[in-house]
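Listed here are the chains, written in short residue letters.
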Amino acid sequence: MINTELCDMLGIKYPLIQAGMGPYSTNRLAAAAANAGALGIISTSGFSYLRRPNVEKDPGLSDLARTLTDGKGGTWYEQMKRAFYRVKDATRDAGGIFGINTMVAAEMSGLAREVIRAVIEVRDEDPEMKERLRVIVTSAGDPLPWTDIIKPSGLKWLHVVPSVRHATRSERAGVDVIIASGQEGGGHVAWEPVHTIVLLPAIVAAVDTPVVGAGGFGSGASLAAALALGAVGVQMGTRFLTTKESDFPEIHKDYIVRGSERDTQVARGFVGPLRWVKNEAAIELAQLTVSKAPGLYLGQPDDMSTVAPEVMAKENEGFDALFRSNGPKALMPAGEVAGIIDDIPSVGELVEKIMKEAEEIVRGLPASFIRD
Ligand SMILES: Cc1cc2nc3c(=O)[nH]c(=O)nc-3n(C[C@H](O)[C@H](O)[C@H](O)COP(=O)(O)O)c2cc1C
């Protein structure tokens, strides 16, 4: 069996992380991933929608709200905490290990602070939670301002980075595992694109902290490749999204299954560049990016104070269309790995298939290539 330092550090069976993905909940998905022996991650960005008044009565948002909540009401903060408890209950029999993901971009730091407070609270309230909600994954921002809050909590801290510079900064911040996320990935990608095949070994060479690869992983072969490049495991978003248990809408899964490796498009999203399924909405957003936020394609970041409001309005429109299952108009984050995804398996089947394939490849390599 393939087992790495990541497994020992987090207490998981396999060196696989199910990526945090918003705005849909990943409550069911996180439980299924944890039960299958991977690290399940509860995404928290969607809970911010529950701050809107009467969200459960809004026909556009009711589907999203249904995936996030248990329908018993309360503040968004209470509902989020109850979601953590539901995942804990759903993983009790298998003793699954899980964590939460929050973006620490300047635009989202208020929300991130609340999310981290909730995680610390539930762990303090409940010894079983402390035992199994072990991880926080931060992303899309500078880790250094978060050291004083996260390090004393006892959580294992994973931080997502797009460059060697961000990786060395994460090491300084005291991050336990660095997730090197390349440009192939679904959702947020970097202003200055570097692809996983270069990024991952560059970061492994630059830091002493264990490194996980992300962006483009979806098979046993790519897990074996990541291990060969020096990673202790992989994080997968798009591949886990396209499973039976995933809380994402069917149209999102269908686009990924039908798409080829050329069917994604990078355009301006809420916290910078995002990789989307290439449909009508993503092409329109890319055209708007070219005319209103061209710095994105030149590696020049802008921020919420300078980005054209039309771009943000278009993204909101795209998510509203997703919540209403309007395929051509929906904005759906997804990675290039969509090109090798052609099924919607259960999470358990997927994890076992990936681990079996990776092990066969790792065992078979010397026999295939080494000539003494
Ligand atoms: C639908 C979707 C939503 C995502 N949402 C988030 C998010 O809210 N926060 C975040 O840090 N990363 C987000 N990501 C990025 C993933 O955490 C992960 O790094 C990425 O999916 C890895 O690339 P892959 O899709 O090729 O596996 C999202 C990705 C997808 C596909």
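Residues numbered from 1 in each chain as written. Predicted model: local features only at pLDDT ≥ 70, side-chain atom pairs only at ≥ 80, totals over all residues. Heavy atoms only, no water.

**What to know about the domain arrangement of the protein**
Then step 1. When the domains of the protein are assigned, the result is domain 1 (5-248) and domain 2 (256-329).
Then step 2. With centres defined by C-alpha atoms, the gap from domain 1 to domain 2 works out at 22 Å.
Then step 3. With 25 residues of domain 1 in contact, the opposing surface of domain 2 contributes 20 residues.
Then step 4. Between domain 1 and domain 2, a total of about 1900 Å² is buried, with carbon and sulfur atoms accounting for 68% of that surface.
Then step 5. The interface formed by domain 1 and domain 2 holds zero salt bridges in total.
Then step 6. Scanning the region where domain 1 abuts domain 2 turns up five residue pairs in polar contact (both at pLDDT 80 or more).
Then step 7. Of all the elements in the fold, those that place two or more residues in the side of domain 1 that touches domain 2 are helix 3 (62-68), strand 7 (187-188) and helix 11 (238-241). (Domains from an automatic or database assignment. Contact = heavy atoms within 4.5 Å. Buried area = accessible area lost by both parts, 1.4 Å probe. Salt bridge = Lys/Arg side-chain N within 4 Å of Asp/Glu carboxyl O. Polar contact = N/O pair within 3.5 Å; in protein donor to acceptor, adjacent residues only side chain to side chain. Helix = DSSP H or I, 4+ residues; strand = E, 2+ residues; numbered from the N terminus.)

**As for the pairing of strand 5 (residues 156-161)**
Then step 1. Across the six residues that make up strand 5, a large majority, five, are buried.
Then step 2. When strand 4 (residues 133-139) meets strand 5, the two strands line up parallel, connected through four bridges. Within strand 5, the position partnered with T138 by the bridge is H159.
Then step 3. Where strand 5 meets strand 6 (residues 177-181), four bridges bridge the pair, whose relative direction is parallel. Pairing of V160 across the sheet is with I179, part of strand 6.
Then step 4. In terms of handedness, the path from strand 5 via helix 8 (residues 164-173) over to strand 6 forms a crossover that is right-handed. (Buried < 20%, exposed > 50% of the residue type's maximum accessible area, 1.4 Å probe, protein only. Pairing = 2+ DSSP bridges. Right-handed = clockwise from strand over helix to strand, strands pointing away.)

**Quick word on helix 2 (residues 27-35)**
Owing to its 3.6 residues per turn, the α-helix brings residues three or four apart onto one side.
Then step 1. Of all the nine residues making up helix 2, seven are buried; the element is thus mostly covered by neighbouring parts of the structure.
Then step 2. Along helix 2, the residues classified as buried are N27, L29, A30, A31, A32, A33 and A34.
Then step 3. With its phi angle positive at about 100°, G37 sits one or two positions after the end of helix 2.

**A word on the sheet that holds strand 9 (residues 234-236)**
Then step 1. On the basis of which strands lie adjacent, the open sheet formed by eight strands has the order 1-9-8-6-5-4-3-2 and parallel pairing. Only two strands of the sheet have a single partner each, and these edge strands are strand 1 (16-18) and strand 2 (40-43). This sheet shows a mean twist of 25° between the axes of neighbouring strands, independent of strand direction.
Then step 2. Across the face of the sheet, helix 5 (residues 109-125) comes into contact with strand 3 (98-103) and strand 4 while running at roughly 160° to strand 3.
Then step 3. In this fold helix 9 (residues 196-206) packs onto strand 5, strand 6 and strand 8 (211-214), with an angle of close to 175° to the strand it touches most, strand 8. (Axes fitted to C-alpha atoms, helices over the stretch in contact; angles between N-to-C directions.)

**Concerning the pattern of salt bridges**
Then step 1. Scanning the model with the defined rule gives 26 salt bridges in all.
Then step 2. Across the pair D142 and R169 runs a salt bridge whose closest N-O atoms are separated by 2.8 Å. Here R169 lies in helix 8 and D142 lies in the loop between strand 4 and helix 7 (147-150), a separation of 27 residues in the sequence.
Then step 3. The class for D142 is partly exposed, based on a relative accessible area of 27%.
Then step 4. Note on R169: relative accessible area 27%, which makes it partly exposed.

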